[in-house]
Amino acid sequence: MTPTLNVQDLRIAFSHRAGNIEAVDGVSFQIGPAECVGIVGESGSGKTQIFMAAMGLLAGNARATGSVRFEGAELLAAHPTALNRIRGSKLTMIPQDPMTCLTPHLKIGVQLAEVMVTHRGTTWRDARSYAARMLERVHVAEPRRRLNQYPHELSGGLRQRVMIAMSVLCEPSLVIADEPTTALDVTVQAQVMELLRALRGEFGMALALISHDLAVVAGLADRILVMYAGRIVEVAAAAELFRRPRHPYTAELLKCMPTIAGPRAVRLPTLAGQPPRPGEVLQACAFAPRCSRAADRCRMERPELVGPADAQVACHFPLSHD
Amino acid sequence: MIRYFFTRLASAIPALLIIVTATFFLMRAAPGGPFDQEQTLPPEIMANLQRAYGLDQPIWTQYGRYLKSLLHGDFGPSFKYKDFTVTELIGQGFPVSLQLGVMAMALALIAGILLGTFAALHRNSMADYATMSLAMVGIAIPVFVVLPFLGILFGVYLHWLPVAGWESGSIRHRALPVIALALPPLAYIARLTRAGMLEVLRSDFIRTAFAKGLPLRTLMWRHALRPALTPVAGYLVPAVASIMTGSLVVESIAGIPGIGRYLVQGALNRDYTLVLGMVVVYSTLLIGLGLLVDLLYAWLDPRVRH
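Residues numbered from 1 in each chain as written. Chains lettered and ligands numbered in written order. Predicted model: local features only at pLDDT ≥ 70, side-chain atom pairs only at ≥ 80, totals over all residues. Heavy atoms only, no water.

**Describing the overall build of chain A**
Scanning chain A for helices and strands turns up eleven helices and eleven strands. For a compact globule of 322 residues, the expected C-alpha radius of gyration is about 20 Å, and chain A comes in at 21 Å, within 12% of that figure. With the principal axes as the frame, chain A shows a C-alpha extent of 65 × 50 × 40 Å. Burial status across chain A gives 52% buried among its 322 residues. Within chain A, counting contacts between residues at least 6 apart in sequence, those at least 24 apart form 64% of the total. Carbon and sulfur atoms provide 52% of the accessible area of chain A, an area that totals close to 14,800 Å². With 35 positive and 30 negative side-chain charges, chain A shows a separation of 3 Å between the mean positions of the two kinds. (Helix = DSSP H or I, 4+ residues; strand = E, 2+ residues; numbered from the N terminus. Rg over C-alpha atoms; globule rule 2.2 N^0.38 Å. Buried < 20%, exposed > 50% of the residue type's maximum accessible area, 1.4 Å probe, protein only. Contact = heavy atoms within 4.5 Å. Areas by Shrake-Rupley, 256 points an atom, 1.4 Å probe, with all protein chains shown as cover. Lys, Arg positive; Asp, Glu negative; His and termini not counted. Charge placed at Lys NZ, Arg CZ, Asp CG, Glu CD.)

Set out below in structure tokens:
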């Protein structure tokens, strides 16, 4: 079966006055139909850029090589017109900050309806009533009234619901949710995640859930990719990753997750050190300077990502749980 | 919004009063008078003239009388064009000047916005640099150089267009003065549009619009243009002021029977009522435009309405 998204040896470099900066350094993975994949990593690990490349939204000074195929069609070299047939309908995105992602001078109704008008060729009237039904579906009260409001008249949580409704209007095959809850307060976060789960069940789309927060991804993802310094360091089924992390970086991340059960006075563990600076050329394991298990080999030779598709790790000395 | 608009409308009246008062006393402070000629008039005739026009009265009485007639919409008689009232003079020339100004402003807006958008979409390319260099030239060269240059090129050498004159309904007579008058604001609007557009194209909501798969033209028209034009809206009043002052020069070079010449000649001749009438017309236009710009802001960005 053709994977929904197939990324092969993707490299993304930004040309800069000081030289090229590699943001994504040879990443390969697949997302299957109706699969939910969590992509976890700290800021700057390149997780967002992978999907920017897929959407054709990379900055002007970025260059992507390799291959990104969506339902078999190559996206990287695609003409904007060809890309426009896919993005917004079959391949959609829920952006990080709902406060700045809606056009301030256009009513919500226009911004939702234009997706249907553009991709389905419906009339504005039909598109508006469909948009209202979709708003109702994502639990927006008084959808008809919302259509006539401007973005600044809506709260952050409401705007994110609008973005979510927008992303599923044309029954997409893959929705990319880029930190969908980061800009929202905690109670709204939980509602939004619950909504994403429900919509996945209803529309059967695949979901790429990007986050720096393992806890956000935990409840929803089937499989999790952990990224560090532009590379994937571990891939595992979600439950397996939490129970038996194999890469030392994953293990450290899990230790940093606060739990309700533990004693409260204890200071939350943090990961010592800094990730490598962007642009630093690495011959070794990028995590070695921060790793308690690092040996000479880790500082000499870069570990490759090895193992079966749902249990890969890039480490010379992975943790074993036997 | 409506209440705000009427508050602004009410504040226009004191503004106009201040302008009229300042102009009235400044004109009187200038040496000389409307009836001074190379050959001095006999004192009896001078006294008669002064009396006939009320200039023998104390200045405050004259000021009070002028305001009173102004309230009735009467600009008074011209001191120099003795058979005409100021209202008649302005009434004859104003449609011509208005037409010239509106055409120049329309050209400056349409061409300036198109050029600025084009340059922003081709940022840092040769096309961008060429457009922006041309715009710099347009800002730097004054109207009184551009118009004679265009006249020599297209009139004298190429014989395409008339150098001067104004025939009603003749597009060919309007071409050169309109272009010369439009050039500086056009260039400035192009630069403002480019800057505004570059900022908007970097914003998150434009990224969303791209992610929605909208065709570029829809994206530019519907999502990018309005927020990018906010800086241009702020420049509209100065732009019209620049076209008004430019028209003084253009009308006299191209021999256009507008009202521009009245302001210069009126000031030189100490034609008090004519100058005041012109100032009232120009400042009413500018103040009214300022009100329109406020409404425009509300249209460009709905967040302003609250």
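Having seen the model, we can carry on.
**With respect to the overall build of chain B**
The number of helices and strands found in chain B is twelve helices and zero strands. Overall size of chain B, expressed as C-alpha extent along the three principal axes, is 85 × 55 × 30 Å. Looking at the 306 residues of chain B, the share that counts as buried comes to 42%. Counting every atom, chain B has about 16,100 Å² of accessible surface; 69% of that belongs to carbon and sulfur. Side chains of chain B carry 23 positive and 15 negative charges; the gap between the two charge centres is 14 Å.

**Focus: the pattern of salt bridges**
In total, this model carries 22 salt bridges over all chains according to the counting rule given. With a closest N to O distance of 3.5 Å, glutamate 304 of chain A and arginine 231 of chain A form a salt bridge. A residue pair is termed long-range when its members are at least 10 positions apart, and glutamate 304 of chain A in the loop between α11 (296-300) and β11 (311-313) and arginine 231 of chain A in strand β10 (residues 231-237) qualify at 73 residues. Judged by relative accessible area, arginine 231 of chain A falls into the buried class, the value being 16%. Across the pair aspartate 128 of chain B and arginine 194 of chain B runs a salt bridge, and its minimum N-O distance is 2.8 Å. Residue aspartate 128 of chain B is found in helix α5 (residues 126-140), and its partner arginine 194 of chain B is found in helix α7 (residues 171-201); the two are separated by 66 residues along the sequence. (Salt bridge = Lys/Arg side-chain N within 4 Å of Asp/Glu carboxyl O.)

**Side note on a nonpolar patch on the surface**
Residue and element names in this part refer to chain B. Together, Phe149, Ile152, Leu153, Val156, Tyr157, Leu158, Trp160 and Val163 give the surface a local cluster of nonpolar side chains, amounting to about 830 Å² of exposed area. Within the secondary structure layout, valine 156 lies in helix α6 (residues 143-157). Taking relative accessible area as the criterion, valine 156 reaches 46% and is therefore assigned partly exposed. (Patch = residues over 30% accessible without salt bridge, like charges linked within 9 Å, V, L, I, M, F, W, Y side chains within 5 Å.)

**Quick word on unusual backbone geometry**
A positive phi angle is found at glutamate 71 of chain A, which is not glycine, with a value near 45°. Counting through the fold element by element, glutamate 71 of chain A comes out in the loop between β4 (62-70) and β5 (73-74).

**Focus on the pairing of β4 of chain A**
Residue and element names in this part refer to chain A. When strand β1 (residues 5-16) meets β4, the two strands line up antiparallel, connected through eight bridges. Residue pairing in the sheet places valine 7 in a bridge with valine 68 of β4. Summarising the sheet, β4 and β5 pair through two bridges and their orientation is antiparallel. Paired with phenylalanine 70 across the two strands is alanine 73, which belongs to β5. (Pairing = 2+ DSSP bridges.)

**Quick word on the confidence of the model for chain B**
When pLDDT is averaged along chain B, the result is 86; 99% of the residues meet or exceed 70. No element of chain B has a lower mean pLDDT than helix α2 (residues 43-52) of chain B, which averages 80, and none a higher one than helix α8 (residues 204-211) of chain B, which averages 93. (pLDDT = per-residue confidence, 0-100.)

**A look at the packing of α8 of chain B against helix α9 (residues 216-228) of chain B**
Geometrically, a packed helix pair is captured by the angle between its two axes and the distance between the axes. All names here are of chain B. Following both chains from N to C, one finds α8 and α9 inclined at 165°, their axes separated by 10 Å at the closest point. It follows from the interaxial angle that α8 and α9 lie roughly antiparallel. Regarding α8 and α9, the two cross each other, and that crossing is right-handed. For the pair α8 and α9, the contacting residues are Phe205, Ile206, Ala209 and Phe210 in the first and Leu216, Leu219, His223, Ala224 and Pro227 in the second. When its residues are assigned to classes, the contact of α8 with α9 shows eight nonpolar, one polar and no charged. (Axes fitted to C-alpha atoms, helices over the stretch in contact; angles between N-to-C directions. Parallel < 35°, antiparallel > 145°, perpendicular 65-115°, else oblique. Left-handed = near helix turned anticlockwise from the far one by under 90°. Nonpolar A, V, L, I, M, F, W, Y, C, P; charged D, E, K, R; others polar.)

**A word on the sheet that holds β11 of chain A**
All names here are of chain A. Read across the open sheet, the seven strands follow the order β6-β7-β8-β3-β9-β10-β11; overall the sheet is mixed. Looking at which strands have only one partner, the edges of the open sheet turn out to be β6 (91-94) and β11. Taking the axes of each pair of neighbouring strands and ignoring which way they run, one obtains an average angle of 20° across the sheet. Summarising the sheet, β6 and strand β7 (residues 174-178) pair through four bridges and their orientation is parallel. What sits directly across from isoleucine 94, in β7, is alanine 177. Sitting on the sheet, helix α6 (residues 156-168) is in contact with β6 and β7, with an inclination near 175° to β6.

**Digging into the interface of chain A and chain B**
With 26 residues of chain A at the contact, the number on the chain B side is 19 residues. Summing both sides of the interface, chain A and chain B together bury roughly 2,100 Å²; the carbon and sulfur share of this comes to 59%. Along the contact surface separating chain A from chain B lie two salt bridges. A salt bridge links glutamate 114 of chain A to lysine 212 of chain B; its shortest N-O distance comes to 2.7 Å. The interface formed by chain A and chain B holds 14 residue pairs in polar contact (both at pLDDT 80 or more) in total. (Buried area = accessible area lost by both parts, 1.4 Å probe. Polar contact = N/O pair within 3.5 Å; in protein donor to acceptor, adjacent residues only side chain to side chain.)

**Description of the environment of valine 249 of chain B**
Tracing the backbone shows valine 249 of chain B in helix α10 (residues 230-254). Sequence separation between valine 249 of chain B and proline 302 of chain B is 53 residues, and the spatial gap between their C-alpha atoms is 39 Å.

**Concerning the sheet that holds β4 of chain A**
Residue and element names in this part refer to chain A. Taken in spatial order, the four strands of this open sheet run β2-β1-β4-β5, and their pairing is antiparallel. Since the sheet does not close on itself, it has two edges, and those belong to β2 (19-31) and β5, each with one partner. Together, β1, β2 and β4 form the strand contacts of helix α1 (residues 47-55), whose direction differs from that of β2 by roughly 80°.

**Quick look at the side chain of serine 78 of chain B**
Residues and elements named next belong to chain B. For serine 78, the location among the structural elements is in the loop between α3 (59-71) and α4 (86-121). Exposure remark for serine 78: the relative accessible area of 0% places this residue in the buried category. Within the local environment of serine 78, its side chain forms a polar contact with the side chain of aspartate 271, the two groups lying 2.7 Å apart. Residues within four places of serine 78 in sequence aside, it is in contact with Tyr53, Phe84, Thr85, Val86, Leu89, Asp271 and Thr273.

**Some details on the environment of cysteine 36 of chain A**
Residue and element names in this part refer to chain A. Structurally, cysteine 36 can be placed in strand β3 (residues 36-40). Spatially, the C-alpha atoms of cysteine 36 and phenylalanine 287 are 27 Å apart, while their sequence positions differ by 251 residues. In this structure cysteine 36 touches Arg200, Leu207, Leu220, Ala221, Asp222 and Arg223, once residues within four positions along its chain are discounted.

**Section: α5 of chain B**
Residue and element names in this part refer to chain B. In this model α5 runs 21 Å from its N-terminal to its C-terminal C-alpha over 15 residues, within 8% of the 21 Å that 1.5 Å per residue would give. The set of residues buried in α5 consists of Asp128, Thr131, Met132, Ala135 and Gly138. Considered in projection along α5, the buried side chains sweep an arc of 110° and stay on one side of the axis. For α5, the exposed residues lying more than 90 degrees away from the buried face are Met126, Leu134 and Ala140. At its buried positions, α5 is contacted by α4 and α7. (Expected span 1.5 Å × (residues − 1). Arc of directions from axis to C-beta.)

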